[in-house]
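A look at the structure
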Amino acid sequence: MTGVTTCTFASDAIGLGEAAGVLARGGLVAFPTETVYGLGVDARNSDAVARLYAAKGRPSFNPLIVHVASLDAAETYVEFDDTARALAQAFWPGALTLVLPLRADAGISPLVTAGLDTLAIRVPDHGVAAALLAAFDGPIAAPSANPSGQVSPTKAAHVADHMTGVIDRIVDGGDCAVGVESTILATQPRPTLLRAGGLPAEAIARAVGQDLAMAGDADAPTSPGQLASHYAPKGTVRLNAVEAQDGEVLLGFGAVDAQLNLSPSGDLVEAAARLFDALHRLNAMGAARIAVSPIPDHGLGAAINDRLRRAAAPRSG
C-alpha cells in the first residue's frame, strides 16, 4: 500500500476540522494522545479499518482500541458493570483502556473487535485528541501510528519517518507526555490486567480494592498489545545488563555510563516518556546489539519492562 500523499496538519481548529473531514471520508489520520501517537479511522467504517490494518501490516486477529470523547459516549458502544463505571469515573480521561461487552446495536465494525464480543475503549487525556474527537463526533479506532511490531511513535516526526506515503494525514500536536501505551483492563469475571501501561496497576488495584488477575495466552490476543514480539527496534535487545558487552550500545537507567539514558536520576515517569524515542534513536544510530540497564518493576516500571521484554522477544516471520 503505497503512493498516498501524506500531509501534516497543525493542531488548530482549521487543521482539526480538515482531519475530521478526512476521517469522515474513510481516511487514515495520525494524531497525538497522552500515551503515543495513534493512527485513527472511523471505527464504524469497515473499509477504513481494513485500510488501517493494511497500512500497519497488522494481523487482523489483533483487535483495536476505540477512542471516544466521554464516558457517556462510551456507554453507547459497550456495557459497563459497576467496577468498570467506577474505574472510568476515577481514571478517564486518562491512560486506561477498558475491555467491555460490546452492545448489540453499537455499530462498530467487526474488524475492530477481531470478531470478539468485547470492545477495548478509552477516553484520551490530550487536548488535541479531545478536540479531534469533538470535531469528528464519532468513535475513532486508533492503534499506535507505526508499522506493526515496530517502535511506537511519541513525536509527529516518528510517524512521518515510517508512515509517509502510506497514511493520509498527520496532526502534529507535539510530544506525548506519558510515552507508553494505555493500561488495558477487563473487569469480568474479575479485574484482570491485560497489558501494563501508562496507568500503574497499583493505582487500579487500590481503586478496586483487590489485587488484579493477570492475562494469559499471548498467541490468541483478547485485547490490543498482547502479541509477544512487539515494539521491536531493528537491533537485538539484551535486558538487565549491568554493562555493555563488546559491540553493544547501552540504553541506561540511573547513574550509569551509557550512550543513551532513559533517566540518569532513576525517574520512572521520565523513563517512560523517553522510552520509544530512545528506541527510535537507536535505530537511527544503526545499533545492531542493544543492552538495557535493569528497570525497577513497579509503577510505570512494569509498563517499561513489558515493552522491553516484547522488544527483546524472538521476532516472528
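It should be noted that the structure appears before, not after, this text.
Described below are features of the structure shown in this document. (Residues numbered from 1 in each chain as written. Predicted model: local features only at pLDDT ≥ 70, side-chain atom pairs only at ≥ 80, totals over all residues. Heavy atoms only, no water.)

Quick look at the packing of helix H4 (residues 82-91) against helix H8 (residues 201-208)
Here H4 crosses H8 at 125°, and the two axes come no closer than 10 Å. With respect to H8, the element H4 is oriented oblique. For the pair H4 and H8, the sense of crossing is right-handed. Contacts between H4 and H8 involve Thr-83, Leu-87 and Phe-91 on the former and, on the latter, Ala-203, Ile-204, Ala-207 and Val-208. Classifying every residue of the contact of H4 with H8 gives six nonpolar, one polar and no charged. (Axes fitted to C-alpha atoms, helices over the stretch in contact; angles between N-to-C directions. Helix = DSSP H or I, 4+ residues; strand = E, 2+ residues; numbered from the N terminus. Parallel < 35°, antiparallel > 145°, perpendicular 65-115°, else oblique. Left-handed = near helix turned anticlockwise from the far one by under 90°. Contact = heavy atoms within 4.5 Å. Nonpolar A, V, L, I, M, F, W, Y, C, P; charged D, E, K, R; others polar.)

Some remarks on the packing of aromatic side chains
Using the criterion set out here, one finds one aromatic pair in the structure. Ring plane angle 90° and centroid distance 6.0 Å describe the contact between Phe-80 and Trp-92, whose orientation is recorded as edge-to-face. With Phe-80 in the loop between helix H3 (71-74) and H4 and Trp-92 in the loop between H4 and strand E5 (96-101), this pair connects stretches of sequence that are 12 residues apart. For the pair Phe-80 and Trp-92, one class covers both residues: buried. (Phe/Tyr/Trp six-rings, centres within 6.5 Å; stacked < 30°, edge-to-face > 60°. Buried < 20%, exposed > 50% of the residue type's maximum accessible area, 1.4 Å probe, protein only.)

Topic: the sheet that holds strand E10 (residues 192-195)
With respect to topology, 11 strands assemble into an open sheet ordered E1-E8-E2-E3-E7-E4-E6-E5-E9-E10-E11, the strand pairing being mixed. This sheet does not close on itself; its edge strands, each paired only once, are strand E1 (7-10) and strand E11 (213-214). In the sheet, strand E3 (residues 37-42) pairs with strand E7 (residues 140-141) via two bridges, with the strands oriented antiparallel. Counted as the bridge partner of Asp-42 is Ile-140 from E7. (Pairing = 2+ DSSP bridges.)

Structural notes on the pairing of E5
Of all six residues making up E5, five are buried, and the element is well covered by its neighbours. The pairing of E5 with strand E9 (residues 183-186) spans four bridges and is parallel. Following the sheet pairing, Thr-97 is matched in E9 by Ile-184. Pairing of E5 with strand E6 (residues 118-122), which is carried by four bridges, proceeds in the antiparallel orientation. Note that in E6 the partner of Leu-100 across the bridge is Leu-119.

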